[in-house]
Amino acid sequence: MSEINENLGKQEKSQRFQIAEPHDLSKRSKWLRDYYFKGAEREWNNQYMAFTTGTDWDIIWNEGDYYIVPEVHTYIGNKGKGVFASAFRSMAVSVKLPENFWELSLPERRMAFFEKVMLDYIPQEIISENDLLGGGRFNTQLSKCLNKNEASKFWKMNLEIRRKLFKFNKSGFGNLGATGGHIIPDYETILNKGFKYIHKKAEENYQKLNKKEKEGSKGQELRAMIIAAEIPRKLAKKYAEECRRLKEKTSSHERAEELEQIAHNLERVPWEPSETFWQGVQSIWLTHMLIISEESYPGPGTSFGRIDQHLWHLYKKDVIDEKTITKEFAKDILGSFWFHSNTAYDAMIKVGNQGITSGYGQLITLSGCGPNGEDLTNELTYTILEVIDEWHPILEPKPNIRLHRNSPEKILNRIIDIISRSQGAPFLINFDEKSIAGMVTEGISKQYAWNYACVGCLENTMQGNDRSGTVNCNPNLTKSIELTLWNGKNMPGNFIKPWTKDGEQLGPKSGEPENFKSWDEFWNAWKEQIKFIIKFMVEINNMTEELRGKYMPTPFLSTFVQGCIEKGLDVRNGGPELSFVTVNGVGFATTVDSLLAIKKLVFEDKKYSIEEIKEALINDFEGEKYVVMQTILKNKAPKYGCDNEISDELARKVMKTWGDETWKYKTPTNFQYRPGMLSWNYWAGAAAQFTIATPDGRKRGTYLSNAMCPTDGVDNKGPTAVTNSVGIALGGKTEGGEFINYLPSGSSHTITFNPSILRDPEHKEKFKSYLRGYDENGGTCLQINMLDADMLRNAQKHPENYKNLLVRITGYNAYFTAIGKELQDEIIARESHRM
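Source: prediction; values computed, not measured.

A few words on the pattern of salt bridges. Under the counting rule described, the total for this entry stands at 58 salt bridges. Among the salt bridges present, the one from Arg-421 reaches Asp-389, with a minimum N-O distance of 2.2 Å. Taken together, the residues Arg-421 in the loop between helix 16 (409-420) and strand 7 (428-431) and Asp-389 in helix 15 (residues 379-391) connect sequence positions 32 residues apart. A residue is classified by how much of its surface remains accessible, and Arg-421, at 36% relative accessible area, is partly exposed. Take Asp-389: its relative accessible area is 6%, and that puts it in the buried class. Close ionic contact of Glu-442 with Arg-674 constitutes a salt bridge, the shortest N to O distance being 2.8 Å. Here Arg-674 lies in strand 13 (residues 672-676) and Glu-442 lies in the loop between helix 17 (432-441) and helix 18 (446-449), a separation of 232 residues in the sequence. A network of salt bridges, in which partner residues are shared, links Lys-327, Glu-328, Lys-331, Glu-386 and Glu-390.

What follows is the structure, given as structure tokens:
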């Protein structure tokens, strides 16, 4: 018997499901991709380099950038003495400062230091004979260049923020904090006019200032911007010199010509306008990596915008009209761009899966409509889709494809073809009509809103003039249920010392629910608590925004975000023409389903009392009596996601209530709060672990619902039913058929299909019809998994066979074997739909 079991075990271990693999890569692109995946075994990498002013008080690692990642809170120590802060201080290289350094203003100090590090301390390297772009190392941890007095004031404010923020998180309210990235700078202007234009613009605006303004904060910021605008030219020149040095050493005539052309490109861009496709890609890349270096934030959310539109005129000229390069060579140029984008993960390359701990989200946006609803898909769109397909599975740059009513059959066929070969689709699908309706909600004219693009995971922003803080605030909506049931207090026993106390009055006294005679009374009490949660969140986040705006300026990024030069204000201090902070509600369906259960089973059917519901939650549904109750709550109460009019209407009211509340607030730096629904992975970790059992039958500490998605397992009426529910919850349509979208930042809806649905042409046509229907009736953004649950279970047992298995978590992909088991189990538990 033991021998039989051993043989069966071997057979199971050898079993391997087919997973997506790269294909049809050129020799050059294959080498780059293979070289990247050597990870820590590479002789070259882009891991963090730290640099200091050498002062005792210097701050290098900014903990505030990582407040939104509660897993990092453990490593934050007192006044820069935590694990990360201490490590970067110990490894930091002291930079020789200019003689007048400490006489300069903070923005000017930042740029003097940044220039010195980028030009004189970080080596300029062309990665290999297969690389076609200049721009290698960019992962930095830079001194914040504070003087002693500034550092003292910074820490006084920072410690107060930390105390309040940790209480917010440990009390189950969610997480928050002003962080970097998550922006689309004005790459279009850099491509078409260059930094020479930016430099002149900054100088002209500085000269317009009067004497008092020049001596004040506007003058300081603009002088820093003038320095910043020249850094790309100086750095590109250094890379050009390196190309010519390598040219003298190579024995390959072909490579010598390539190196000369790369040098020529770098002598022109990004200072001057790009004249060729190669120069255009080079210009974008060097500019992009400098943003990451300045912010000391390795890529998350720093996105490229509608790259197929920005580069189209150059691609058309070079590949189609003049044929100066072939389509295949253009793909190799893009291949170098793909390679460099992924080296953002080298930041901590020796940690785990070659440093890949999440999806950073350097997002590109493809296709989409024009100002009159016309389709803007072009041949470059399809070429980029080929690169995406051939390089997959790989994480960066993350593609988002915009679909709309006039999207051509050709792009839908191409999308479905790529999806059929992947597990976690390599791209997100955005739907224009509803997304544009959301942008209009935040005051952007339809005349401009059509030109939106996506950052980070799926968040909608405008391009070049917008910073929308798209991941800064993530309140746990489900906390409102606990506060309503206990009249604004924590549930007895739900506290974590020293941050919270047993039975602490956290929210307003909205009434003892045991005394409520009607559902309307409970609903009004719930609205009081949800309004409190948004207000509580704003009060703490405003402190993080103010601190960052005052002590962490980024003058380089500010030079090419429209509005900053004109106002003489930093991008972090209210400079952009459009300035928002996005509030991403977490646990939406869990909240809705809990309210539905109370409405139905307590106030309508009177099967349970409020006291009985509270007892069950306190006991976490443990014990025979409560197990029966849990089963009824799960299976007899209405649920969001089943195309049920009553359930979906309550979902819509919940969405509108908390969303409307966000619009009431602004930051001290003049950023307007707005609603969205991203969730990241908070529903499965940071928020879930501090959330008590809920009236929908969920047990304490288990994962909440994911963004716009229904609770796992309840969406059993099919994908069309789920789609209709999502569309209604977002606002539906007016009587005249106009789209309503309560969430201008967008909403993450992840759906899992069984791979069999794309097995033949007939089913592919059905899936195409589903996508067309989603555009009319669904949400703003769809993420698709084509997964077999048995394959995922096998991957849990034999991770060595599934290293390249990508799955879509929410707005991002991740390697299945690199995420925690809790998150793996959540993905397996999702409903797998068939057509």
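Attention shifts here to the nonpolar core. Judged by nonpolar contacts, the single largest core of 244 residues is most densely connected at Phe-277, Trp-338, Phe-588, Trp-658, Phe-767 and Ile-784. Ranked by residues supplied to this core, first place goes to helix 20 (residues 519-551) with 16 residues. In terms of nonpolar packing, the next biggest core, distinct from the first, is built from 12 residues, Leu-363, Tyr-452, Met-462 and Phe-580 among them.

Pairing is parallel in the open sheet, where 3 strands are placed in the order 2-1-3. Of all the strands in the sheet, the pair left with one neighbour each is strand 2 (93-94) and strand 3 (140-142). Judged from the 3 bridges that link them, strand 1 (residues 49-52) and strand 3 form a sheet pairing that is parallel. Its bridge partner lying in strand 3, Met-49 is registered against Thr-140.

Regions with low pLDDT should not have their predicted coordinates read in detail. Overall, the prediction assigns the protein a mean pLDDT of 93, with 95% of residues at 70 or greater. For the stretch residues 1-5, pLDDT sits under 50, and the model shows 0 contacts to residues farther than four places along the chain or on other chains. Ignoring residues within four places in sequence, the model shows residues 7-15, a span with pLDDT below 50, making 9 contacts including any to other chains.

Turning next to the side chain of Asn-45. Within the element layout of this structure, Asn-45 appears in the loop between helix 2 (27-36) and strand 1. Among the residues examined, Asn-45 registers a relative accessible area of 12% and is labelled buried. A polar atom in the side chain of Asn-45 sits 3.0 Å from the backbone nitrogen of Gln-47. In contact with Asn-45, not counting residues within four places along its chain, are Arg-137, Asp-346 and Ile-349.

Now for the packing of aromatic side chains. The final tally for this structure, using the stated rule, is 46 aromatic pairs. Ring centres of Phe-753 and Phe-767 lie 5.2 Å apart, and the angle between their planes is 85°; on these two criteria the pair is classed as edge-to-face. One end of the pair, Phe-753, is in strand 14 (residues 748-753); the other, Phe-767, is in helix 28 (residues 761-777), and 14 residues separate them in sequence. Across the pair, Phe-767 and Phe-753 agree in class, each one buried. Ring-pair connections join several aromatic residues into one group, and the members of that group are Phe-114, Phe-138, Tyr-187, Phe-195, Trp-285, Phe-304, Phe-337, Trp-338, Phe-556 and Phe-560. Of note, Lys-170 hangs over the ring of Phe-166, and the distance from its end group to the ring centre comes to 4.9 Å. The ring of Tyr-608 carries Lys-607 above its face, with NZ or CZ at 5.7 Å from the centroid.

Moving on to the packing of helix 20 against helix 26 (residues 645-662). Interhelical geometry of helix 20 versus helix 26 gives an angle of 35° and a closest axis separation of 9 Å. In terms of crossing hand, the pair formed by helix 20 and helix 26 is right-handed. Residues Trp-519, Trp-523, Trp-526, Lys-527, Ile-530, Lys-531 and Ile-534 of helix 20 lie in contact with helix 26, whose contacting residues are Leu-650, Lys-653, Val-654, Thr-657, Trp-658, Glu-661 and Thr-662. Considering only residue class, the contact of helix 20 with helix 26 consists of 8 nonpolar, 2 polar and 4 charged.

Calculation criteria
- Residues numbered from 1 in each chain as written.
- Predicted model: local features only at pLDDT ≥ 70, side-chain atom pairs only at ≥ 80, totals over all residues.
- Heavy atoms only, no water.
- Salt bridge = Lys/Arg side-chain N within 4 Å of Asp/Glu carboxyl O.
- Helix = DSSP H or I, 4+ residues; strand = E, 2+ residues; numbered from the N terminus.
- Buried < 20%, exposed > 50% of the residue type's maximum accessible area, 1.4 Å probe, protein only.
- Core = buried A, V, L, I, M, F, W, Y, C linked by side-chain atoms within 4.5 Å.
- Pairing = 2+ DSSP bridges.
- pLDDT = per-residue confidence, 0-100.
- Contact = heavy atoms within 4.5 Å.
- Polar contact = N/O pair within 3.5 Å; in protein donor to acceptor, adjacent residues only side chain to side chain.
- Phe/Tyr/Trp six-rings, centres within 6.5 Å; stacked < 30°, edge-to-face > 60°.
- Lys NZ or Arg CZ within 6 Å of the ring centre and 35° of its normal.
- Axes fitted to C-alpha atoms, helices over the stretch in contact; angles between N-to-C directions.
- Left-handed = near helix turned anticlockwise from the far one by under 90°.
- Nonpolar A, V, L, I, M, F, W, Y, C, P; charged D, E, K, R; others polar.

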